[in-house]
Amino acid sequence: MQLITCPYCGPREEAEFHYGGQAHVPHPADPGSLSDEEWAHHLFFRDNPRGPFAERWVHALGCRRWFNAVRDTVSYRFHHIYRLDQARPETP
Amino acid sequence: MNALRLPAGGRIDRSTTYEFTFNGQRLTGHPGDTLASALLAHGIHRTGTSIKLGRPRGIAAAWAEDPNGLIQIEEPFPEPMLLATTVELTDGLTARGIPGQGRLADVPDSARYDARHSHADLLVIGAGPTGLCAALTAARAGARVVLVDEQSEAGGYLLGSTDRIDGGPALDWVAAATAELAGFADVLHLQRTTAFGHFDDGFVLALERRTDHLGTPTHVLGGETAPPHKSRQRVWRIRARHVLVAAGAHERPVVFSDNDRPGIMLAGGARTYLHRYGVLAGRDVVVFTTNDSAYAAAVDLADAGARVHAVVDARAATPAAWVQKCVRRGIPVRAGRLVTGTEGVERITAVAVAGERIPCDLLLVSGGWNPAVHLFSQAGGTLRYDGGLGAFVPGEERDGVSVAGGAAGVAELGGCLADGRRAAEGALGGLGFVPVDSPSPVAEAHVDGQPSLVLWRVADGDQRTQFVDLQRDATVADIACAIGAGMRTVEHVKRYTTIGTAHDQGKTSGVLASGIAAELLGRPVGELGTTTFRPPYTPVAFAALAGRDRGSLFDPERTTAVHAWHVARGAVWEDVGQWKRPRYYPLPGEDMEAAVLRECAAVRGGVGILDGSTLGKIDVQGPDAAEFLNRLYTNMIATLKVGSVRYGVMCGADGMVIDDGTVLRLAGDRFLVYTTTGGAAAVLEWMEEWLQTEWPDLRVYLTSVTEQWATFPVVGPRSRDVIGTVFPDVDVSNAAFPFMTWRDTVLGSNRSGHDASTPRSARGGRPAPDQDVPVRLARVSFSGELAYEVNVDSWYARAVWERLVAAGERHGITPYGTETMHVLRAEKAYPIVGQDTDGTVTPHDLGMSWAVSKKKPFFVGKRSFHRADNQRADRKQLVALLPVDRNLFLPEGSQVIEGPSVPEPPIPMLGHVTSSYRSAALERTFALALVKAGRTRIGETVHVPVAGALVPVEVAEPVVFDPEGARRDG
Amino acid sequence: MTADLLARSGPLQSWTDRFAALPDTVQVVATPHVAMADLRVDPAGPAAADVAGFLGVDLPTAPSTYVETDSVRVIWLGPDEWLVTSPFRAPRALEAGLRDAVAGRGAVVDVSGQRTTLGLAGANARDVLSGGCAIDLHPAVFRRGAAAQTLLGLTGVVLVALDDTATSYEILVRSSFAPYLASWLLDAATEHTPT
């Protein structure tokens, strides 16, 4: 049970959060202009790095706010947690 | 009878005698005993036989590291797979030894199990000298401390020793330390509490054994008994800013031929039995050691009256001070010698030492000490092989975790005391606490000695009787076999031999297996490493893990505001998500089929009422609410007029249906969205996700109002009469109140009755004034019948429901459940998301192209409808299936194939049945199914295997009842 | 015209006797029919000030806190979301007053029926909560003025601390989960109920 620091509510148990997949993958502004392949890539392909990974989370059982986090997929450690209106922090 | 119990000494209460039964024998012991110490006091070592080979086995240690000594408790309540060494003796205890497997009780366990969350600045695991010093240091600095220890009392290693601290008995210091800790309000000190799992971010699970040692009311001779209202065991869920592992070390044996006989024991264990329990583990003793620590056992047992016939020290260089102590007591020391074999069947009778035969009834063994690094390793800490110790020690620093004392490889008492303080001070600095000055406890000077010899095994003799894991009957021969089969890593050797997989998880065998495998492979043990330590550290009963989340508390049951009425009416329930929904209301003598046919006929022929309160409801407000919903629903929402209702379908970005329901426009900037019962939470989260992450510029606010509104569809040709009676202010005519519109009205409220309980404030507030209760009526239909959905503030739900039922009485109003609702909707081919869909179904597949806007430039999922895969002609489409035999029922989930015979596999599958019912209206069975290119097959006959036969069914238009929709307006 | 009047009911109406049988150290009381409104405004905007004027207190902006007056309590639910509760105001009057103050610059929803209120008090109140609530309830951390949305047992709650000694709380729970939570609390109280 990890402790995740909601940018609003502070540290809470992992059970209060839902995972939202890779962050910074905006929905294409004009999906109609994409080829089938480009659209399929948007729908079905996500990065799967070993190491730091920018993800979306939502404090589902708390304040219901979505936020972003950079988490290490090896150690699970959260390196950065930031609000949606904040830029992604620099990571090594 | 307690022939080997010394007349004095130990931490047992000799003034009270307990009776207990072991392997059918009536025996006695004392409070403070473990089952093992009480057995040893009677000279009983053998507890049972081994699991594979049936060899006699006995107590081999004094605590959880014992690889033998598995027992089954029969009284006071059956419990399998416990260790004689860790079961505290109680009066009336009945137990027996077991060869590896026990039995669970065949009656329910009436004991309570619970959990507690706790938070600490510093969690200290282990209340030995290291842990006590650390806890004191942290408590004095003002930190919140949790100190857990698995024994019945604090002291750890000191409980089995004669060490001295500050010039007095070490246990006096322990008593003073625990008394001081008890004086701090923010120190939680738990004995009989085993930290069994160490997870991320300072999260540790610990099991507290709370009542067993108190005995049961029928078996107590005096003092406290186990109170039945207290939980028997408690799982502590501890979240600590810093975790300090001070779990000590486990003594390690040496492997030699026939090293498994009863009467062969770890040297430190025998010392514990002597000092803690006042028990001599044997009268004629041989000690076999590779290090100095076992000399203390030889000396102490000799002083207590045992005849110690030899200390066999594998080292050529023996420790002079210890040898001198032995010589003074007439104990011969055999330097540079090895034990090569033993004799005896039920109990050891002699030891072979380099050709010499030494008779004995107790062989004490010490191969060194393994730091208890389990909890460090579980949290992800890497280990490093220490060649001097012949053991694995913490190999790195980790944030928020430290290891001190014996668990870090510190060998002597003075070092442990200092290390505990040092580790606590290090942790406190990081937590912002300032350690206070206080004198450090001083241990008696350490006896200088000789370095330990790392010796995994004595090679002489038969490898097949050189036991590495006694519980698994796994030997050196098995390791050799594994290596012969090509295993090259310790993880593979473990799985091939099963070494380390028993109840003790290899506390004694793990490092030995690494060492022996390394030897056989000719590789350094440090390179081979050790197997991964995983929770739990010691076995934990499932009952404890379940805690109070069992029975009716296993999963929350959600109920509507009218639940008590359904109960009184004898409803049979369907679980929908966590909701309890009436499935049907049987009359006396009715089964489900009869009740549902009656309910269906009543609705289509008269009027019925359903509790639809479980539907999810979301209030959508804001200037951009219409635009927002327009983007999320496949159909046009923005054009919906205030006062009107629209059915909407929601798809994922992949174009697959994820939810559906009605949308009411309450105002230009306000909507009320209905979701499916099961989808409510997910849809709100889905909407928030788009709003917050994609469209933060939209001014929209989403609020769940699922429980705010109770929802009662009143359905059937007579529903207009019922609604007109209950709401006389509303013009219920079709012209004034057409299909897919809603109207607000009010009912007068009554503030007497239950309202007498309205709280009045000491702060001078006033209760709210009387007012009318708003009701929202909506002309929507999930059955094809004329229907009015009554929505009311849930405070008044019960009263309004009862009023509707009362008003409907003269029309024969029939309450109906989800099963009838399903039949009625299936007759109209209204899909149930999650039953007729499975995440691969588009609105077009459901025949609902009409609900997909062609005008909107964008909505979630739109682009996906143009993907080639979603254009395939052979996509599965929703159709009805009509069995040729009108009485034949197709089980849901049945496969649909071409037929009329079954071809050779692989059999081409056309699809499957998603919903299946008996229709009262059609007087026949029917089903909905997803069938490849189903709409082009309408009128064809396909086949469904049912109970071993292939039955013909006709593919039909999905709407099987009133396809022209003539009944909608009454 | 009694026949034309509607009686109110609540999800824990039938639990009164069971709550009354609890020991002094674990006192549970259902407080039905508390008016509640969900409020959404920009905390820095003019609407927040107008709402504060209506309520008689500024909206709390610190996460997991609440403020109160003699008649209303305002609980922080999110950076632009609050739950306004009052046992003394009628739901629709509360909603209407807030709606007037917000004046289209946010949102107000009557949620009086969405949740129900349980009082939990006594020397063992914190023990009972810590049996199923993972947040730190130490009175130095969670005390009067604190209100957390979190899990209690297997259901979401808004947990409100009413004093500084960890002996008095209010628990706001979704009405459909109220019987579950009531059962859970009764079961938890067993530990503190000598037989």
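Residues numbered from 1 in each chain as written. Chains lettered and ligands numbered in written order. Predicted model: local features only at pLDDT ≥ 70, side-chain atom pairs only at ≥ 80, totals over all residues. Heavy atoms only, no water.

1. Notes on the interface of chain C and chain B
Contacts between the two partners involve 65 residues from chain C and, on the opposite side, 66 residues from chain B. The three residues of chain C that bury the most area against chain B are Leu6, Arg8 and Glu191 of chain C, which together make up 17% of that side's buried surface. At the junction of chain C and chain B, the tally comes to nine salt bridges. At the junction of chain C and chain B, the tally comes to 29 residue pairs in polar contact (both at pLDDT 80 or more). Of all the elements in the fold, those that place two or more residues in the side of chain C that touches chain B are strand S2 (35-41), helix H3 (91-102), strand S6 (106-110), helix H4 (125-130) and helix H5 (178-189) of chain C. Ranked by residue count, the leading element in the side of chain C that touches chain B is H5 of chain C, at six residues. (Contact = heavy atoms within 4.5 Å. Buried area = accessible area lost by both parts, 1.4 Å probe. Salt bridge = Lys/Arg side-chain N within 4 Å of Asp/Glu carboxyl O. Polar contact = N/O pair within 3.5 Å; in protein donor to acceptor, adjacent residues only side chain to side chain. Helix = DSSP H or I, 4+ residues; strand = E, 2+ residues; numbered from the N terminus.)

2. Examining the interface of chain A and chain C
On the chain C side, the residues contacting the 11 residues of chain A number 16 residues. In this assembly, chain A and chain C are joined by three salt bridges. Arg65 of chain A is the salt-bridge partner of Asp80 of chain C, the closest N and O atoms lying 2.5 Å from each other. Linking chain A to chain C there are six residue pairs in polar contact (both at pLDDT 80 or more). The class makeup of the residues in the side of chain A that touches chain C is five nonpolar, one polar and five charged. (Nonpolar A, V, L, I, M, F, W, Y, C, P; charged D, E, K, R; others polar.)

3. Description of the domain arrangement of chain C
Residues and elements named next belong to chain C. With domains assigned, chain C is organised as domain 1 (12-32 + 115-189) and domain 2 (35-110). Of note, the centres of domain 1 and domain 2, computed from C-alpha atoms alone, are 24 Å apart. The interface is formed by 13 residues belonging to domain 1 together with 11 residues belonging to domain 2. A buried area of about 1,000 Å², summed over both sides, lies between domain 1 and domain 2, and 55% of it is on carbon and sulfur atoms. For domain 1, the biggest contributors to the area lost against domain 2 are Arg115, Ala147 and Gln149; these three give 41% of the whole. Between the two partners, domain 1 and domain 2, sit two salt bridges. In this structure, Arg144 and Glu68 form a salt bridge, with 2.9 Å as the shortest nitrogen-oxygen distance. Summed over the shared surface of domain 1 and domain 2, the number is six residue pairs in polar contact (both at pLDDT 80 or more). Elements with a contribution of two residues or more to the side of domain 1 that touches domain 2: strand S7 (115-121), strand S8 (147-152), strand S9 (155-161) and strand S10 (168-174). (Domains from an automatic or database assignment.)

4. Considerations on helix H17 (residues 680-694) of chain B
Taking 1.5 Å per residue, 15 residues should reach 21 Å; H17 of chain B reaches 21 Å between its end C-alpha atoms and fits that length. Turning to H17 of chain B, its buried residues number three or more, namely Ala680, Val683, Leu684, Trp686, Met687, Glu688, Glu689, Trp690, Leu691 and Gln692 of chain B. (Expected span 1.5 Å × (residues − 1). Buried < 20%, exposed > 50% of the residue type's maximum accessible area, 1.4 Å probe, protein only.)

5. A word on the sheet that holds strand S3 (residues 66-68) of chain C
Residues and elements named next belong to chain C. In spatial order, the strands read S3-S4-S5-S2-S6; together these five strands make up an open sheet with antiparallel pairing. The open sheet terminates on both sides in strands that have one partner only, identified here as S3 and S6. Averaged over all pairs of adjacent strands, the angle between strand axes in this sheet comes to 20°, irrespective of strand direction. Contacts from H3 reach S2, strand S5 (81-86) and S6 within the one sheet, and its direction differs from that of S6 by about 175°. (Pairing = 2+ DSSP bridges. Axes fitted to C-alpha atoms, helices over the stretch in contact; angles between N-to-C directions.)

6. A closer look at the packing of helix H9 (residues 476-484) of chain B against helix H10 (residues 490-497) of chain B
All names here are of chain B. Closest axis-to-axis distance for the H9/H10 pair is 9 Å, and the angle between their directions is 120°. Viewed along their axes, H9 and H10 adopt a mutual orientation that is oblique. When the axes of H9 and H10 are compared, the crossing they make is right-handed. Seen from H9, the contacting residues are Asp478, Ile479, Cys481 and Ala482; seen from H10, they are Val493, Tyr496 and Thr497. When the residues that make up the contact of H9 with H10 are grouped by side-chain class, the tally is five nonpolar, one polar and one charged. (Parallel < 35°, antiparallel > 145°, perpendicular 65-115°, else oblique. Left-handed = near helix turned anticlockwise from the far one by under 90°.)

7. Observations concerning the sheet that holds strand S36 (residues 657-667) of chain B
All names here are of chain B. Spatial strand order, S35-S36-S37-S34-S38: five strands in an open sheet with antiparallel pairing. The strands lining the two open edges of the sheet, one partner per strand, are strand S35 (645-651) and strand S38 (701-704). Adjacent strand axes in the sheet meet at a mean angle of 30° when their direction is disregarded. One ladder, built from four bridges, connects strand S34 (residues 616-621) with S38; its direction is antiparallel. By the bridge assignment for S38, Gln621 is matched with Tyr701. The sheet contacts of H17 involve S34, S35, S36, strand S37 (670-675) and S38, and relative to S34 the element is tilted by about 25°.

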